[in-house]
Amino acid sequence: MLNKKSVDDINVKGKKVLVRCDFNVPLQEGRITDENRLVAALPTIKKLIADGGKVILCSHLGKPKGEPKPELSLAPVAKRLTELLGQEVKFAADPEVVGPNARAAAESMKDGDVILLENTRYRAEETKNGETFSKDLASLCDIFVNDAFGTAHRAHCSNVGVTQFVDTAVVGYLMQKEIDFLGNAVNNPERPFVAILGGAKVSSKISVIDNLLDKVDTLIIGGGMSYTFSKAMGGKIGTSLCEDDYLQYALDMMKKAEDKGVKLLLPVDNLIGDAFSNDCNIKVAPKGEIPDGWEGMDIGPETEKIFCDAVKDAKTVVWNGPMGCFEMPNFAHGTEAVAKALADTDATTIIGGGDSAAAVNILGYGDKMTHISTGGGASLEFLEGKELPGVAAANDK
Ligand code: AMP
């Protein structure tokens, strides 16, 4: 069980606290078009301000590839954070991130002040976990707080390297929430525990399937990845997505599920189209009976019923990956049915980041879920049972 020290376990009064946030927000001509990540970071920042810390914020933004790119500056974030917090967030505009501006600003801070460093990925060492930049960051602070779950599966200077050069490294509230929900679901679930996997490829979810088969009572597989299973069982799948290299793997997984007493549910029918387009001709085909020239685009109506029934009495549900090409309205029905079923259960419902989180939000069920992870890749690696370097680097309780 992960038991990491958090911002509730430290005394920051008068101390310089470097906080790794996830301010990787979408920008259009210098305007922030979705500020959810800024709002989500506020509880940790406010707590540190209230406790009298000197709060030094840092984050990456986009992919400047190790050099300053003005269009990826965090300056607009400092401006918006100033408004959201109702106090100045001073921006330290150093192209080398930790430079004269950052040092001077950090030196002159009073308790409760907040500054923001420039985009950490302006430095090429950031994504290589290089020592010089890690030491530069550590030299600014007494305490390090990691509140960026989205990058927790990567070992970078600003979330892992820096912790080697500070005595105290803890997690913030956002990070704590992710660890609590994903960790509890995977390691200590209330049963019945149902996992729903979908999305395009078996190959990208192999480790998740492997890990979850040791934990769940029911595993539901839909989406593009289900056609590899269908073909492996001798079915006709037309031009549906398929990974021929994984046919044997699919059979092995089905056997593993049976041996472990895990109920494995695969589609019994599919919504198929005669082109990969929202406006193609559409019909329903039973499993393994997709004609040549047709492609599986969504789960069918019978499958929807079976999948939705399976979550009704669940106590914990984890979902990662859409049931079909949900970006096309004609093929969003299966994904929406599952989202609605999750919204209607009393179970703890946890949505892995990325496409499933986007689908749940676009379809309007976001506020009905217990927890929507903020990290796509990070939540997937969590479900694979891997130790995330960004989490591991924080001090244990
Ligand atoms: P992933 O990133 O692996 O979770 O895959 C998400 C993507 O899978 C989405 O863009 C979906 O449109 C796509 N997808 C889901 N079902 C299908 C399908 N039956 N055929 C093609 N693509 C699909």
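Residues numbered from 1 in each chain as written. Predicted model: local features only at pLDDT ≥ 70, side-chain atom pairs only at ≥ 80, totals over all residues. Heavy atoms only, no water.

Asks: I tried to follow empty space enclosed by the protein on my own but got confused; where do I start?
Replies: If a probe the size of a water molecule is rolled over the atoms, the empty space left behind becomes visible. This structure, assessed with the given rule, holds one cavity of 30 Å³ or more. In this structure, the largest cavity encloses a volume near 80 Å³. Taken together, Asp22, Arg37, Ala40, Asp147, Ala148, Phe149, Gly150, Leu174, Met175, Glu178 and Thr374 form the lining of the largest cavity. Of all the secondary-structure elements, those providing two or more residues to the lining of the largest cavity are helix H1 (36-50) and helix H5 (173-187). Here the lining of the largest cavity is built from residues that sort into five nonpolar, two polar and four charged. (1 Å grid on protein atoms, 1.4 Å probe; cavity = no way out; pocket = protein on both sides within 12 Å on 5 of 7 lines; lining within 4 Å. Points joined across faces, edges and corners; volume = space filled by probe spheres on them. Helix = DSSP H or I, 4+ residues; strand = E, 2+ residues; numbered from the N terminus. Nonpolar A, V, L, I, M, F, W, Y, C, P; charged D, E, K, R; others polar.)

Asks: Whenever I open this one, the packing of aromatic side chains confuses me. Can you help?
Replies: Geometrically, a pair of aromatic rings is defined through the distance of the ring centres and the angle of the planes. As enumerated under the stated definition, the model contains two aromatic pairs in all. Ring plane angle 40° and centroid distance 6.3 Å describe the contact between phenylalanine 149 and phenylalanine 382, whose orientation is recorded as tilted. Of the two residues, phenylalanine 149 is situated in the loop between strand S7 (143-146) and strand S8 (168-171) and phenylalanine 382 in helix H12 (residues 376-383); the sequence distance between them amounts to 233 residues. Judged on exposure class, the residue phenylalanine 149 and its partner phenylalanine 382 are both buried. Note on tyrosine 246 and tyrosine 249: the rings are 6.3 Å apart at their centroids and 85° apart in plane angle, and the pair reads as edge-to-face. Looking at tyrosine 249, the relative accessible area reads 15%, which means it is buried. (Phe/Tyr/Trp six-rings, centres within 6.5 Å; stacked < 30°, edge-to-face > 60°. Buried < 20%, exposed > 50% of the residue type's maximum accessible area, 1.4 Å probe, protein only.)

Asks: Please explain the environment of asparagine 188 as it appears in this structure.
Replies: Mapped onto the elements, asparagine 188 comes out in the loop between H5 and strand S9 (193-197). In sequence terms asparagine 188 and aspartate 167 are 21 residues apart; their C-alpha atoms lie 31 Å from each other.

Asks: I'm lost on the site of the ligand in this one. Help?
Replies: Lining the immediate environment of the ligand, one finds 15 residues, of which Ala200, Lys205, Gly296, Glu327 and Asp355 sit closest. A distance of 3.0 Å is found between an oxygen atom of the ligand and a side-chain nitrogen or oxygen belonging to lysine 205. Glycine 224 places a main-chain nitrogen or oxygen 3.1 Å from a nitrogen atom of the ligand. Protein contacts shield 81% of the accessible area of the ligand, which totals 500 Å² for the unbound molecule. Looking at the shell around the ligand, its residues break down into seven nonpolar, five polar and three charged. (Near = heavy atom within 4 Å. Polar contact = N/O pair within 3.5 Å; in protein donor to acceptor, adjacent residues only side chain to side chain. Areas by Shrake-Rupley, 256 points an atom, 1.4 Å probe, with all protein chains shown as cover.)

Asks: Help me out: how do you make sense of the layout of surface pockets in this one?
Replies: The computed volume of the largest pocket comes to approximately 590 Å³. Looking at the largest pocket, it is lined by 23 residues, and the ones nearest its centre are Asn36, Asn361, Ile372, Ser373 and Thr374. For the lining of the largest pocket, a count of residues per class yields eight nonpolar, eleven polar and four charged. By volume, the second largest pocket is sized at about 440 Å³. Surrounding the second largest pocket, 30 residues form its lining, Gly199, Ala200, Pro322, Gly324 and Asp355 being those nearest its centre. Sorting the residues of the lining of the second largest pocket by element identifies strand S16 (295-299), helix H11 (355-362) and H12 as the ones contributing at least two each. Looking at the lining of the second largest pocket, the element that brings in the most residues is S16, giving four residues. Across the lining of the second largest pocket, the residue classes tally to eleven nonpolar, 13 polar and six charged.

Asks: Explain the nonpolar core to me, please; I cannot follow it from the model alone.
Replies: Side chains of nonpolar character tend, in soluble globular proteins, to be buried together. Counting residues in hydrophobic clusters, the biggest one holds 38 residues, and the most contacted among them are Phe149, Ile209 and Leu219. Those elements that place two or more of their residues in this core are H5, S9, helix H6 (206-213), strand S10 (218-221), helix H7 (226-232), helix H8 (247-260) and H12. Counting 30 residues, the second largest nonpolar core, distinct from the first, contains Val12, Leu57, Leu74 and Leu81. (Core = buried A, V, L, I, M, F, W, Y, C linked by side-chain atoms within 4.5 Å.)

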